[in-house]
Amino acid sequence: MSSVVLLPYAPSSVAVARQRLSTDLQDCGVFSTAIDDAVLVVSELMSNALRHAHPLPSGMVKVTWMRSDDHIEVAVSDGGAATEPRAGRPTLSSLGGRGLGIVEYVAESWGVRHDGDTTTVWAILPAPHGSMNGQIRVLKEAG
């Protein structure tokens, strides 16, 4: 299962991406906790693209997801920014700067790809589905 969605470079697109991803994963039988994690990651990646980067030349942002076996890769592509996306280490009183730190914690891995003027931030998450015979993944320790 995979999807590619081009969305307007606008805050309202975050909700659209969340809904489309959630519906696709539900249709595949992915556990609800894994869906929640994937939706959270897409929200963070979309919000960062809208806050820190430029739109693609089309004026859009591209959101993709691909599920294979028990994992899902989500990615957001934009027109790039003056700085490289990286997980911040904000102070307790900071109002922002936690998005990629959250992605880093929830995802098994994440990174950044560049292709010309396009920057893509991706994350790979566990996406177990109903055929795992009731096995539940244990959260990894923070660290």
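No experiment lies behind these values; they were computed from the predicted model shown.

Caption draft 1: Structural context of the pairing of strand β2 (residues 60-68). Side-chain alternation along β2 places Val61, Val63, Trp65 and Arg67 on a buried face and Met60, Lys62, Thr64, Met66 and Ser68 on a face that remains uncovered. Pairing analysis gives seven bridges linking strand β1 (residues 2-8) to β2, with the strands arranged antiparallel. Bridge pairing links Pro8 to Met60 in β2. Of the strand pairs in this sheet, β2 and strand β3 (residues 71-78) are connected by seven bridges, and their pairing is antiparallel. Opposite Val63, over in β3, you have Val76 as the bridge partner. Between β2 and β3, which pair antiparallel one after the other, the connecting turn spans two residues, and Asp69 there sits at a positive phi close to 50 degrees.

Caption draft 2: How the structure looks around the nonpolar core. Leu21, Met46, Ile72 and Val74 are the most contacted members of the largest nonpolar core, which has 31 residues in total. Listing elements by their share of this core, those giving two or more residues are β1, α1 (12-27), α2 (32-52), β2, β3, α3 (99-106) and β5 (118-126). Examining the composition of this core, we find that ten residues originate from one element, α2, more than from any other. The residues contacting Met46, other than those within four sequence positions of it, are Leu7, Ser13, Val14, Ala17, Val61, Val63 and Val76.

Caption draft 3: Structural context of the confidence of the model for the chain. Taken residue by residue, the chain gives an average pLDDT of 83. The fraction at 70 or more is 78%. Long-range and interchain partners of residues 131-143, a stretch whose pLDDT sits below 50, account for ten contacts in this model, where long-range means more than four residues apart.

Conventions and cut-offs
- Residues numbered from 1 in each chain as written.
- Predicted model: local features only at pLDDT ≥ 70, side-chain atom pairs only at ≥ 80, totals over all residues.
- Heavy atoms only, no water.
- Buried < 20%, exposed > 50% of the residue type's maximum accessible area, 1.4 Å probe, protein only.
- Helix = DSSP H or I, 4+ residues; strand = E, 2+ residues; numbered from the N terminus.
- Pairing = 2+ DSSP bridges.
- Core = buried A, V, L, I, M, F, W, Y, C linked by side-chain atoms within 4.5 Å.
- Contact = heavy atoms within 4.5 Å.
- pLDDT = per-residue confidence, 0-100.

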